[in-house]
Amino acid sequence: FYVRKGPAWRFAGLDSLRKIKLGAIQDYTYERNVDVYIRKNAGSDRILLTKGNDALLSLIQALRIGRIDAFIENAPVVRSVVESSGFVGDVEPAGHTKGLDLYVPMSPRVQGSRRLVREFDRGLTRLRSGGRLEAILKRYGLVDWRGKEPATRKGGSQE
């Protein structure tokens, strides 16, 4: 969650959302309980949904002019948009949910998908062992997820 710089609302669980007008990107998935809250309140004065190529930029601008009290979005994405748009110092983090795991899906019905999964895994292993993955992630303010127990998928990668 992000707010205007300075003393402001902070995320303290789902109940704390009822005290603010929240901005979110239409049709995005954030975290199950937050998704339910957004769906239940869509169309009310508690939620502002944006869409399109500049949806996050629209949320940042809505926050800056006071149309919303906070918005929810992935931290590295916010950091990138804030830096590229010149709004550094205008917004700050206000807490987070547990988040979601991200996957690169490959359908077993698509010819060659198993080969692509193996190539992806080998490439990731090479990047990691050579230190290149850490350098790439660092540029985006991220850390290697390797310490996290991976989800095992039948016939797929465990990365």
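Residues numbered from 1 in each chain as written. Predicted model: local features only at pLDDT ≥ 70, side-chain atom pairs only at ≥ 80, totals over all residues. Heavy atoms only, no water.

Chemist: I'd like a rundown of the overall build of the chain, residues and numbers included.
Modeler: Per the secondary structure count, the chain includes 5 helices and 5 strands. Traced from its N-terminal end to its C-terminal end, the chain shows the element sequence β-β-α-β-α-β-α-β-α-α. Dimensions along the principal axes, computed over C-alpha positions, put the chain at roughly 50 × 35 × 30 Å. Across the chain, the fraction of contacts at a sequence separation of at least 24, relative to all contacts at a separation of at least 6, is 61%. With the model as given, the accessible surface of the chain reaches about 11000 Å², and the carbon-plus-sulfur share is 50%. (Helix = DSSP H or I, 4+ residues; strand = E, 2+ residues; numbered from the N terminus. Contact = heavy atoms within 4.5 Å. Areas by Shrake-Rupley, 256 points an atom, 1.4 Å probe, with all protein chains shown as cover.)

Chemist: How would you explain the packing of helix H2 (residues 55-64) against helix H3 (residues 75-85) if you had to name every residue and give the values?
Modeler: Look at H2 against H3: their axes get within 10 Å of each other, and the N-to-C directions meet at 75°. Here H2 is positioned roughly perpendicular relative to H3, judged by the angle of their axes. Listed contacts from H3 to Leu56, Leu57 and Ile60 of H2 are Val77, Val78, Val81, Val82 and Ser85. Class assignment for the residues of the contact of H2 with H3 results in 7 nonpolar, 1 polar and no charged. (Axes fitted to C-alpha atoms, helices over the stretch in contact; angles between N-to-C directions. Parallel < 35°, antiparallel > 145°, perpendicular 65-115°, else oblique. Nonpolar A, V, L, I, M, F, W, Y, C, P; charged D, E, K, R; others polar.)

Chemist: Can you break down the environment of Ala75 residue by residue, with the values?
Modeler: In this structure, Ala75 sits in helix H3. Ala75 gets classed as partly exposed once you look at its relative accessible area, which sits at 33%. Sequence spacing of Ala75 and Ala24 is 51 residues, and the spatial spacing of their C-alpha atoms is 14 Å. (Buried < 20%, exposed > 50% of the residue type's maximum accessible area, 1.4 Å probe, protein only.)

Chemist: How would you explain the packing of aromatic side chains if you had to name every residue and give the values?
Modeler: Within the structure shown, the criterion is met by 5 aromatic pairs. Ring geometry for Trp9 versus Phe11: centroids 6.3 Å apart, planes at 65°, classification edge-to-face. Accessibility expressed as a relative area gives 14% for Trp9, which makes it buried. We classify Phe11 as buried; its relative accessible area is 18%. Ring pairs connect the aromatic residues Phe1, Trp9 and Phe11, which therefore count as one cluster. The cationic tip of Arg128 hangs over the ring face of Trp145; the distance from NZ or CZ to the ring centre is 5.4 Å. (Phe/Tyr/Trp six-rings, centres within 6.5 Å; stacked < 30°, edge-to-face > 60°. Lys NZ or Arg CZ within 6 Å of the ring centre and 35° of its normal.)

Chemist: Quick one: what's the story with the packing of helix H4 (residues 113-129) against helix H5 (residues 132-139), residue by residue and with numbers?
Modeler: Interhelical geometry of H4 versus H5 gives an angle of 85° and a closest axis separation of 4 Å. With respect to H5, the axis of H4 lies roughly perpendicular. Packed against H4, whose contacting residues are Leu124, Leu127 and Arg128, the element H5 presents Arg132, Leu133 and Ile136 at the interface. The residue makeup of the contact of H4 with H5, split by class, is 4 nonpolar, no polar and 2 charged.

Chemist: Can you break down the environment of Arg122 residue by residue, with the values?
Modeler: Residue position: Arg122 is located in helix H4. In this structure, the C-alpha to C-alpha distance between Arg122 and His96, residues 26 residues apart in sequence, is 32 Å.

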